[in-house]
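Commentary on secondary and tertiary structure
The chain contents come next:
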Amino acid sequence: RLELVASTDEAVPDDLPAAEAERRETRAAVRAALRKLPTEQREALVLAYWGGLTAAQVAERSKVPFGTARSRIRLGMGKLRKQFDGFEDDPTPRAA
């Protein structure tokens, strides 16, 4: 099972504290939105986007057919997009 954790090794440029606070808020919103996804979709997205795996590699690692892995990635990303509709105005994901 994959756990969503924030990396503490990220390089933080010297900028305004407000910008850093906004980045933290954005990361927290993405983690919260990911937690709302079905487990299979969340794991596929984390492996593909944050793990850098291809859909074929996600399928192999998850022991599912390629099409299933690709669908989980696509469906999960679609649900994330819905949650973040209008994100520029309000960084809080919308209720699913």
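Not measured: the values here are computed from a predicted model. (Residues numbered from 1 in each chain as written. Predicted model: local features only at pLDDT ≥ 70, side-chain atom pairs only at ≥ 80, totals over all residues. Heavy atoms only, no water.)

Concerning the overall build of the chain
- When its secondary structure is counted, the chain shows four helices and zero strands.
- The helix and strand sequence of the chain, counted from the amino end, reads α-α-α-α.
- With 96 residues in all, the chain has 25% of them scored as buried.
- Within the chain, contacts between residues at least 6 apart in sequence are counted, and of these 55% link residues at least 24 apart.
- Accessible surface, the chain as shown: approximately 6,900 Å² in total, 52% of it carbon and sulfur. (Helix = DSSP H or I, 4+ residues; strand = E, 2+ residues; numbered from the N terminus. Buried < 20%, exposed > 50% of the residue type's maximum accessible area, 1.4 Å probe, protein only. Contact = heavy atoms within 4.5 Å. Areas by Shrake-Rupley, 256 points an atom, 1.4 Å probe, with all protein chains shown as cover.)

As for the nonpolar core
- Residues Leu45, Val58, Ile73 and Leu80 are the most contacted members of the largest nonpolar core, which totals 17 residues.
- Each residue touching Ile73, except ones within four places of it in the same chain, is listed here: Ala44, Leu45, Ala48, Tyr49, Ala55 and Val58. (Core = buried A, V, L, I, M, F, W, Y, C linked by side-chain atoms within 4.5 Å.)

Here we look at the confidence of the model for the chain
- Counting all residues, the mean pLDDT for the chain is 83, and 73% of those residues have values of 70 or more.
- When pLDDT is averaged over each element of the chain, helix H3 (residues 55–62) comes out on top at 96 and helix H1 (residues 17–35) at the bottom at 88. (pLDDT = per-residue confidence, 0-100.)

Comments concerning the pattern of salt bridges
- Counted by the stated rule, this structure contains three salt bridges.
- We note a salt bridge from Arg23 to Glu20, for which the minimum N-O separation is 2.9 Å. Taken as a pair, Arg23 and Glu20 lie in helix H1 at a separation of three residues, close to a single helical turn.
- For Arg23, a relative accessible area of 31% translates into the label partly exposed.
- When its relative accessible area of 12% is taken as the criterion, Glu20 is described as buried.
- Residue Glu20 pairs with Arg24 through a salt bridge whose shortest N-O separation is 3.1 Å. In this pair, Glu20 and Arg24 are both assigned in helix H1, four residues apart and thus about one turn of the helix distant.
- Sharing partners across several salt bridges, the network here consists of Glu20, Arg23, Arg24 and Arg27. (Salt bridge = Lys/Arg side-chain N within 4 Å of Asp/Glu carboxyl O.)

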